[in-house]
Amino acid sequence: MYVGAAIAVWLFAAATPAGVAWLRCLGAALILLAWRRPRRAAWRGRPLLLAGAFGVVTAGMNVLFYEAIARLPLGTVVALEFAGPVAVAAFGSRGRRDIVALALVALGVLAIADVQLEGSPAGVAFALGAATAWAGYIVLGKRVALGGNGIDSLAVGFAVATVLLSPLALGTGGIWRAPDLLVLGIGVALLSTVVPYVLDQVVLRRAGRARFALLLALLPVTATVTGLVVLRQVPTLPEALGTLAVVAGVALRSRGPDR
């Protein structure tokens, strides 16, 4: 997912962040539609509404995320964005261990946000907006996994989102004139959307929303390492400590007795 995000950062020189996010949505829709070929029932009634809502929320999350990483380091944005899964996990918390784990994650997010508020308030705002959309992604994603048509609903949802968010395509002009950049854009769709979101559907069928949300706390580490290796983004000490607090929270939560 975050190798794709690093590639997206390279594309910001030729297109707006929102435009790159729309191109990612378009690419994902084309790949998933060609692969799954959803039946007619998936394009009608409640399945269409659920898939469309999921697709729009997910695409909106990606737009906000790309606007944030255009202003802040990749690992920092992912850690801030994790405030959304924290909120979802809070609703599923039952014991003292859960509360301590959530407190650690919240402290980690706050530590990182405090560092960046002076540097880029807009970046923090976009990241927290993406966090809100991420919470919606988890809630709707669980419903799609259990009550929708699973991966077929992903295909329908991204198709709906591509159409509804088509005005963002105005920011992609530079990419269409360069075949190599267009290939990179398709690569972003495959790496950042198709592969991870299909795997999310598999995991969401087997894990509760709270456990899934807390396991996502591992993502800031992945994003930080990717940002360091690919984009040469070195985290500050408070950012590193905040990320470690997030990891400590997920480790504590994962030591529960349930399998």
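Residues numbered from 1 in each chain as written. Predicted model: local features only at pLDDT ≥ 70, side-chain atom pairs only at ≥ 80, totals over all residues. Heavy atoms only, no water.

## With respect to the overall build of the chain
Definition in use: In DSSP terms, a helix is any run of H or I states spanning at least four residues, a strand is any run of E spanning at least two, and both are numbered starting from the N terminus. Only protein chains enter the area calculation, which uses a 1.4 Å probe; residues under 20% of their type maximum are buried, those over 50% are exposed, and those in between are partly exposed.
A count of helices and strands for the chain gives 13 helices and zero strands. The order of α-helices and β-strands along the chain, N terminus first, is α-α-α-α-α-α-α-α-α-α-α-α-α. Oriented by its inertia axes, the alpha-carbon framework of the chain measures out at about 45 × 40 × 25 Å. Burial analysis of the chain (259 residues in total) assigns 52% to the buried set.

## Here we look at unusual backbone geometry
Its identity as a non-glycine residue notwithstanding, Arg37 has a phi of 50 degrees, on the positive side. Here Arg37 shows up in the loop between α2 (17-36) and α3 (45-69). Not every positive phi belongs to a glycine, and Arg232 is a case in point at roughly 60 degrees. Its place among the elements puts Arg232 in the loop between α12 (219-231) and α13 (237-253).

## Remarks on the side chain of Thr162
This is how the line gets drawn: We call two N or O atoms a polar contact when they sit within 3.5 Å, provided that within protein one can donate a hydrogen and the other can accept it, with sequence-adjacent residues counted only if both atoms are side-chain atoms. When checking whether two residues touch, look at their non-hydrogen atoms; a contact exists if any pair is within 4.5 Å.
With respect to the helices and strands, Thr162 occurs in helix α8 (residues 151-164). Within the structure, Thr162 has its side chain in polar contact with the backbone oxygen of Phe158 (distance 2.6 Å). Those residues in contact with Thr162, other than ones at most four positions away along the chain, are Trp22, Cys25, Leu26 and Ala29.

## Examining the pattern of salt bridges
Oppositely charged side chains are able to pair whenever their charged atoms sit close together. Spelled out, the test is: A carboxyl oxygen of Asp or Glu within 4 Å of a side-chain nitrogen of Lys or Arg is what we treat as a salt bridge.
Using the criterion set out here, one finds two salt bridges in the structure. In this structure, Asp152 and Arg36 form a salt bridge, with 2.7 Å as the shortest nitrogen-oxygen distance. Of this pair, Asp152 sits in helix α8 while Arg36 sits in helix α2, and the two are 116 residues apart along the sequence. By relative accessible area, Asp152 is classed as buried at 16%. Under the relative-accessibility criterion, Arg36 is labelled partly exposed at 32%.

## Re the nonpolar core
Among soluble globular proteins, nonpolar side chains are generally buried collectively. Let me state the cut-off plainly: In plain words, nonpolar cores are sets of buried Ala, Val, Leu, Ile, Met, Phe, Trp, Tyr and Cys residues tied together by side-chain atoms within 4.5 Å.
The biggest cluster of nonpolar side chains holds 69 residues, and the ones touching the most others in it are Phe65 and Tyr66. The element contributing the most residues to this core is helix α7 (residues 121-147), with eleven residues.

## Remarks on the confidence of the model for the chain
Operational definition: For every residue, the pLDDT score states the predictor's confidence, bounded by 0 at the bottom and 100 at the top.
Summarising the model, the chain shows a mean pLDDT of 86, and 91% of its residues fall at 70 or more. Per-residue pLDDT, averaged within each element of the chain, yields its smallest value for helix α11 (residues 209-215) (67) and its largest for α2 (96).

## Side note on the environment of Thr193
As for its position among the elements, Thr193 is in helix α10 (residues 179-204). The class for Thr193 is buried, based on a relative accessible area of 1%. Taking the C-alpha atoms as reference, Thr193 lies 19 Å from Val221; in sequence the two are 28 residues apart. Aside from chain neighbours lying at most four places away, what touches Thr193 is Arg24, Ala28, Asn62, Phe158, Val188 and Val198.

## Considerations on the side chain of Thr224
With respect to the secondary-structure elements, Thr224 resides in helix α12. Contact partners of Thr224, with chain neighbours within four places excluded, come to Gly75, Pro235 and Thr243.

## What to know about the packing of aromatic side chains
Note the cut-off: Only centres within 6.5 Å qualify two rings of Phe, Tyr or Trp (six-membered ring in Trp) as a pair; their planes then separate them into stacked at under 30 degrees, edge-to-face at over 60, and tilted for everything else. Charges are assigned to positions over rings by a cutoff of 6 Å between ring centre and Lys NZ or Arg CZ, combined with an angular limit of 35 degrees from the ring normal.
Per the counting criterion, the structure on display carries six aromatic pairs. The ring of Trp35 has Arg36 lying over it, and the distance from NZ or CZ to the ring centre is 5.1 Å.

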